[in-house]
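Here is what each chain is made of, one letter per residue.
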Amino acid sequence: MESDDVCAIGICGMGGIGKTTTAKAFYNKYHPNFDICCFIENVKQYSLGGSPLLPLIEQLLTVLLKLKDYKVTDVDSGIRQLKRILRFKRTLIVLDDLDQSSYSEFLAKHCNLFSAGSRIVFTSRNVHLRNQLKTDLKHVGLYMVNELEQDDSLKLFNYHAFGEVTPPASLRELSVGFVTYARGVPLALKVLGSSLRGRTKEVFWKAKLEEVKKNPEIMEFLQLSYKELDENAKSIFRDIAFFFVGKFKYEADIVLKSCDYSPEQELLERCLLTIDRYGVLGMHDLIQDMGREVSKGKHLFLQENAGEYLQNWKDIEGLVLDLTQSTEKQINSQIFEKLPKLRLLEIRNVDGIKGHFKNSFQELRCIYWNYCTWTRLPSSFRPQKLVSMIMQHSNFKMLWDDAMPFRSLKMINVRYSVKLKTTPNFENSKSIERLFFRGCESLLKVHPSIRELTGLYVLDLTECINVKVSSETLGQSSALGFLYLGYCSNLRQLPKKLGGMKLLKKLDASYTAIEELPDSITQLKKLLYLKLDGCKKLRKLPEQIGNMEGLRTFHASGTAIEQLPDSFGDLINLEKLDLSGCKNLRYLPNSLWKLKLLQVLNLNLCSKLKRLPDKLEKMQFLEKLAATGTAIEEVPDSIGQLSRLKILYLSLCNKLKNLPDSVWNLPSLTVLYIFQQDIGRINLPTTVNNTKLVYLSLKCDVRVWLPLISSFSCLKSLVLSAGDESLSSTEPFSLFMLHNLEVLQLYNCTNFGSSLPDLPLNISLLRLSGHERLVHLPDLSSLKRLNTLVIESFIGLKSLSSLPPNLQSLKIYNCISLQHLSDMSMLKEFSDLRFGILNIPKPAVLSFLQVIGLWKQFLPSDKVELPKIAEWISYKSTGLSVCIDIPTMPADNFLGLALSVLFTSESNPFSMKAVVTNQTNGTSKSCLIHLYNSNRGPEVCYVAKCIRGDEISVRSGDRIQIVLHRQTYSLNGFKEVLREGVKVKLLGGHVIQRTLSAPDFASALNNLTKLSPDFLRS
């Protein structure tokens, strides 16, 4: 694990032996050591489609980018995007069940995607895949998972058969017999044991053992378990194995119940099915293979246009139609007339369906068709037994006209169908239980007939930013369990009769315009989760809020709440309380200590809050206490009695008079932030017993505190600001002994003396801020793991030399004397350069942001002056939007778009959102443009950012619109309207074409560093 090489390891063995379990254990243990990680389960499922690599790459990008869904146009485009992500970060990727040579070839050919120190773990039944990787990757290990020993096998079998590791004496010998035939394979032991659970008669055990002796192979074991199911359970098993693995349990339940199938409990008891913590259904790949095998004749997976293949499939009940690799993306509706028993339908990568649905879908229960091209459901599409419609990211403007007769419909999910303007008329669909309209940005209204949905359980209108929801529209909805209204910015009040929703468990009204909560909300005894973050007009809570005895989580960050009601202490089941950013909050009720089950208390940036809760020591379950930026004057010594406290934030509490020694001896504390303006208030503790600190932020007299800091051997992140006592250049100062340190941020460096401290070798991020006299940085070439270097306000710094060999990102702000950067042509991992030469009396400042691989066309020549950059931008606007016409050119010549923003700022807005829309084909791309300002008054700043060609679908002749949203994203995570002190003076865009052969990125950056000092100052 310590090597800087890119390494892979194959975890191999027969099916059911425990390869996935081993890989998960490895991932859970080591993933904190990496910058980014992902675990892709059951990779083999992607081989069912036309192109196995494309969906795998899309899934990798979805997980790595932490998005809900991510699509790329082709494999090459996906690989380019992966390269941009992976080569910046030390990465851990686990690919479970790698079964095709195409996957190993993909890894072998593109192992150069990964940065130093990355690890690739794969599980496979095929040991030969490791040999294929070894041809291109130097370090490829192999771990063979062996069968369990007899004793361990017996314990596992007994646990599943009896619920304990020791069997009854009468069945002990028979247990050994079963274990012998399972041959140490965990899956076989689980399935066999589960099949015997609750059976205690010896005669049954003997008969079962005889069956096992006749069918000793593992797949035959599984077949035996299937054969023992009743017909109802067999049908459920086949449907789930074919259609619902990887989908939510509630999606399957709605459909299965409509087919008169009982719940899947027996499958769970027999270990044929799993449900994860998110409610997603799963199966071991061997069990799913067996399920698909027994489903033949009833379920069909097709990868081509299906007309000629469906003539002999009148008994088909489930169909997955994937035209990813087909040249013909349209299908004819007549094929569905040949499938009279079709119940389950999933459509992938189909552009449309020709014709009418005359005699089709008499038995259809559910349809999955994400990215559906229909603007509304065809009038001939009337499946009377349809219960589930899941058609996310679709092209709908409305679902149907008038009241369509979907009398059996239970669920509609059209999330992120951004053109949808209204919900349908529900008059003839009164059985609906779940409605998902999240992200439907054009949705203007909810049809009044929603009040007639007496069984409605889930309503999700999150991010429907234009919808207007009235109290009358929602009505009382007595069956509602989950109501999501977050980011509905036009919502000004909640239903007055909200208390009538007696079954409501979760209510999210964050970032809405509500000014108060209805008093009736206190009648919601079963409400577990209440989220009101960002409701800036909300000033008070109902006096009797303590009556909501079931509440577990309460979030009200960024609200205008001035005080909590006295009854708040009666919420005795509360576990998480977030009041961060409540700038008007002055006091906490004296009864707050009664929240004895509270685990998280977040008071960050409550700038008027003067004291912590009374009797703090009674909150024995507290694990996180955050009070950064508050006005508290003291921390009680009794805080040392909080034995479970892991995280304590007390930074920037400028009225804090002291910090008790007991803080340093909290037995569970791993994170401590006490970065204060006046270090006189933080005394060096007399005794310190805690050596578990992992994260520490501190302003101190380094000379005095250094021995203590050095004793924290577990530190991974240290934020250190020198106090007013300057260290002379002759005094020794070293942090070299902190071998586990990965992140080091040093502020007020002038007071460290004329040189910087000796640095630990393993740091990956180094931030240096505030030095008036240092002219040259020390040699950093020994820091082989350093990938990010940030230098701020080094006023006298004239040159940077000997940079770390694996540096990827360099950010230099307010270094007004800088004249020379070292030769960067050897920094092969380098990809991100940012300049903010600020506080200079010139009209503009240049800041290049993440311009990756496009430098030959994007950079000005060596002697160009700043005013000519404005001439270089082809399309300019003084407003918040600009349009660009894509010129005629070969497709391969389009490299990307350059965005530029000229703005003035009196404060630091951090970032703004830009939306780039192709008005010709309707696709769009959002991105954040990072801004910088020194917080020293109004300045003119210039920011440039590139969007690569593979990030947005563009062809010759297309018209592109760039819109800059008038909102900024601040450091504390709140979305804020663009402040008065930030004004956009120029928005520009430019088409980047491949006109010359592009140089390698590092060399292009090196050209930038040769720009004259006059240019850097311009």
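Keep in mind the model is a prediction, meaning the values are calculated, not measured. (Residues numbered from 1 in each chain as written. Predicted model: local features only at pLDDT ≥ 70, side-chain atom pairs only at ≥ 80, totals over all residues. Heavy atoms only, no water.)

**Observations regarding the overall build of the protein chain**
What the protein chain contains, in helices and strands, is 20 helices and 43 strands. Total accessible area computed for the protein chain in this model is approximately 43,700 Å², and 48% of it derives from carbon and sulfur atoms. (Helix = DSSP H or I, 4+ residues; strand = E, 2+ residues; numbered from the N terminus. Areas by Shrake-Rupley, 256 points an atom, 1.4 Å probe, with all protein chains shown as cover.)

**Section: the packing of aromatic side chains**
Enumeration over the complete set of coordinates arrives at 30 aromatic pairs. Ring geometry for Phe248 against Tyr250: centres 5.5 Å apart, planes inclined by 15°, an arrangement best described as stacked. Of the residues examined, Phe248 reaches a relative accessible area of 30% and is grouped as partly exposed. When the centroid spacing of 5.4 Å and the interplanar angle of 40° are considered together, the rings of Phe357 and Phe361 count as tilted. Phe361 matches Phe357 in its accessibility class, with the two residues each being buried. Through successive ring pairs, a cluster of aromatic residues spans Phe336, Phe357, Phe361, Trp369, Trp374, Phe381, Trp400 and Phe406. Directly above the ring of Phe34 sits Arg90, whose terminal nitrogen or CZ lies 4.6 Å from the centroid. (Phe/Tyr/Trp six-rings, centres within 6.5 Å; stacked < 30°, edge-to-face > 60°. Buried < 20%, exposed > 50% of the residue type's maximum accessible area, 1.4 Å probe, protein only. Lys NZ or Arg CZ within 6 Å of the ring centre and 35° of its normal.)

**As for the side chain of Lys234**
Among the secondary structure elements, Lys234 is positioned in helix H11 (residues 231-244). Residue Lys234 is classed as buried on the basis of its relative accessible area of 14%. Setting aside its immediate chain neighbours within four residues, Lys234 contacts Tyr226, Lys227 and Leu229. (Contact = heavy atoms within 4.5 Å.)

**Thoughts on the pairing of strand S26 (residues 671-674)**
For strand S25 (residues 647-649) and S26, the ladder comprises 3 bridges, and the chain directions are parallel. Paired with Tyr649 across the two strands is Tyr673, which belongs to S26. (Pairing = 2+ DSSP bridges.)

**Focus on unusual backbone geometry**
Phi is positive for Asn349, close to 55°, though the residue is something other than glycine. Here Asn349 is to be found in the loop between strand S11 (344-348) and strand S12 (352-354). Residue class for Asn349 comes out partly exposed when judged on its relative accessible area of 45%.

**Quick word on the sheet that holds strand S5 (residues 139-144)**
What the 5 strands build is an open sheet, ordered S2-S3-S4-S1-S5; its pairing is parallel. Every interior strand has two partners, whereas the edge strands, strand S2 (36-40) and S5, have only one. Across the sheet, the mean angle separating the axes of adjacent strands is 10° when strand polarity is ignored. Of the strand pairs in this sheet, S2 and strand S3 (residues 91-95) are connected by 5 bridges, and their pairing is parallel. The residue bridging Ile40 from the neighbouring strand is Leu95, located in S3. Of the strands in this sheet, S2 and S3 touch helix H2 (residues 53-64), which is tilted by about 135° from S2. (Axes fitted to C-alpha atoms, helices over the stretch in contact; angles between N-to-C directions.)

**Details of the nonpolar core**
Within the largest apolar cluster, 163 residues are counted, with the highest numbers of intra-cluster contacts made by Phe336, Leu532, Phe554 and Phe568. The element that contributes the greatest number of residues to this core is helix H16 (residues 702-710), accounting for 5 residues. Residue contacts for Phe336: discarding those within four places in its chain leaves Leu319, Ile331, Leu342, Leu345, Ile353, Phe357, Ser360 and Phe361. (Core = buried A, V, L, I, M, F, W, Y, C linked by side-chain atoms within 4.5 Å.)

**Things to note about the pattern of salt bridges**
For the coordinates displayed, the defined rule picks out 22 salt bridges. For Lys247, the salt bridge identified is with Glu346, shortest N-O distance 3.4 Å. Of this pair, Lys247 sits in the loop between H11 and helix H12 (249-258) while Glu346 sits in strand S11, and the two are 99 residues apart along the sequence. A salt bridge links Arg348 to Glu346; the shortest N-O distance between them is 3.3 Å. Take Arg348: its relative accessible area is 28%, and that puts it in the partly exposed class. For Glu346, a relative accessible area of 13% puts it in the buried group. One salt-bridge network, in which partners are shared between bridges, spans Asp239, Lys298, Glu317 and Arg343. (Salt bridge = Lys/Arg side-chain N within 4 Å of Asp/Glu carboxyl O.)

**Brief notes about the confidence of the model for the protein chain**
Counting all residues, the mean pLDDT for the protein chain is 80, and 81% of those residues have values of 70 or more. A low-confidence stretch, residues 726-730 stays under pLDDT 50, and its non-local contacts, those more than four residues away or across chains, total 9 contacts. Here residues 838-870 is a poorly scored stretch, pLDDT under 50, and it has 101 contacts once near neighbours within four places are set aside; other chains count. (pLDDT = per-residue confidence, 0-100.)

**Considering the environment of Leu461**
Topologically, Leu461 is positioned in the loop between strand S17 (458-460) and helix H15 (471-474). Accessibility expressed as a relative area gives 1% for Leu461, which makes it buried. Between the C-alpha atoms of Leu461 and Leu485, which are 24 residues apart in sequence, the distance is 5.2 Å. Once residues lying within four places of it in the same chain are set aside, the contact partners of Leu461 are Phe437, Leu443, Val446, Val469, Tyr484, Leu485, Gly486 and Cys488.

**Focus: a nonpolar patch on the surface**
Taken together, the side chains of Val127, Leu142 and Met144 present a nonpolar region at the surface, about 210 Å² in accessible area. Take Leu142: it is sitting in strand S5. (Patch = residues over 30% accessible without salt bridge, like charges linked within 9 Å, V, L, I, M, F, W, Y side chains within 5 Å.)

**With respect to the packing of H2 against helix H3 (residues 75-86)**
Interaxial distance between H2 and H3 falls to 10 Å at its minimum, and their mutual angle equals 30°. Between H2 and H3, the angle is such that the two are roughly parallel. H2 and H3 meet at a crossing whose hand is left-handed. Of the residues in H3, those touching H2 at Leu53, Leu54, Ile57, Leu60, Leu61 and Leu64 are Val75, Gly78, Ile79, Gln81, Leu82, Ile85 and Leu86. Tallied by class, residues from the contact of H2 with H3 come to 11 nonpolar, 2 polar and no charged. (Parallel < 35°, antiparallel > 145°, perpendicular 65-115°, else oblique. Left-handed = near helix turned anticlockwise from the far one by under 90°. Nonpolar A, V, L, I, M, F, W, Y, C, P; charged D, E, K, R; others polar.)

**Concerning helix H1 (residues 19-30)**
Across its 12 residues, H1 extends 17 Å between first and last C-alpha, which sits within 8% of the 16 Å expected from 1.5 Å per residue. When we look at burial in H1, the residues that qualify are Lys19, Ala23 and Tyr27. Projected onto a plane normal to the axis of H1, the buried residues spread over an arc of 65° and lie on a single side. Among the exposed residues of H1, those oriented more than 90 degrees off its buried face are Thr21, Asn28 and Lys29. Packing partners of the buried residues in H1 comprise strand S1 (7-12), S2, S3 and strand S4 (119-124). (Expected span 1.5 Å × (residues − 1). Arc of directions from axis to C-beta.)

**What to know about a positive patch on the surface**
Among the surface-exposed residues, Arg586, Lys608, Lys610 and Lys655 lie close enough to one another that they form a single positively charged patch. Structurally, Lys608 can be placed in the loop between strand S23 (600-602) and strand S24 (624-626). In this structure Lys608 comes out as partly exposed when scored by relative accessible area, which is 35%. (Lys, Arg positive; Asp, Glu negative; His and termini not counted. Charge placed at Lys NZ, Arg CZ, Asp CG, Glu CD.)

**With respect to the packing of helix H6 (residues 150-162) against helix H8 (residues 186-195)**
Geometrically, a packed helix pair is captured by the angle between its two axes and the distance between the axes. Direction vectors running N to C along H6 and H8 enclose 35°, while the axes themselves pass 7 Å from each other. Between H6 and H8 lies a crossing of right-handed hand. Contacts between H6 and H8 pair Ser153, Leu156, Phe157, His160 and Ala161 from the former with Pro186, Leu189, Lys190, Leu192, Gly193 and Ser194 from the latter. Of the residues belonging to the contact of H6 with H8, the class tally is 6 nonpolar, 4 polar and 1 charged.

**Brief notes about H16**
If you check which residues of H16 are buried, you get Val702, Trp705, Leu706, Leu708 and Ile709. Contact partners of the buried residues in H16: strand S27 (695-700) and strand S28 (717-722).

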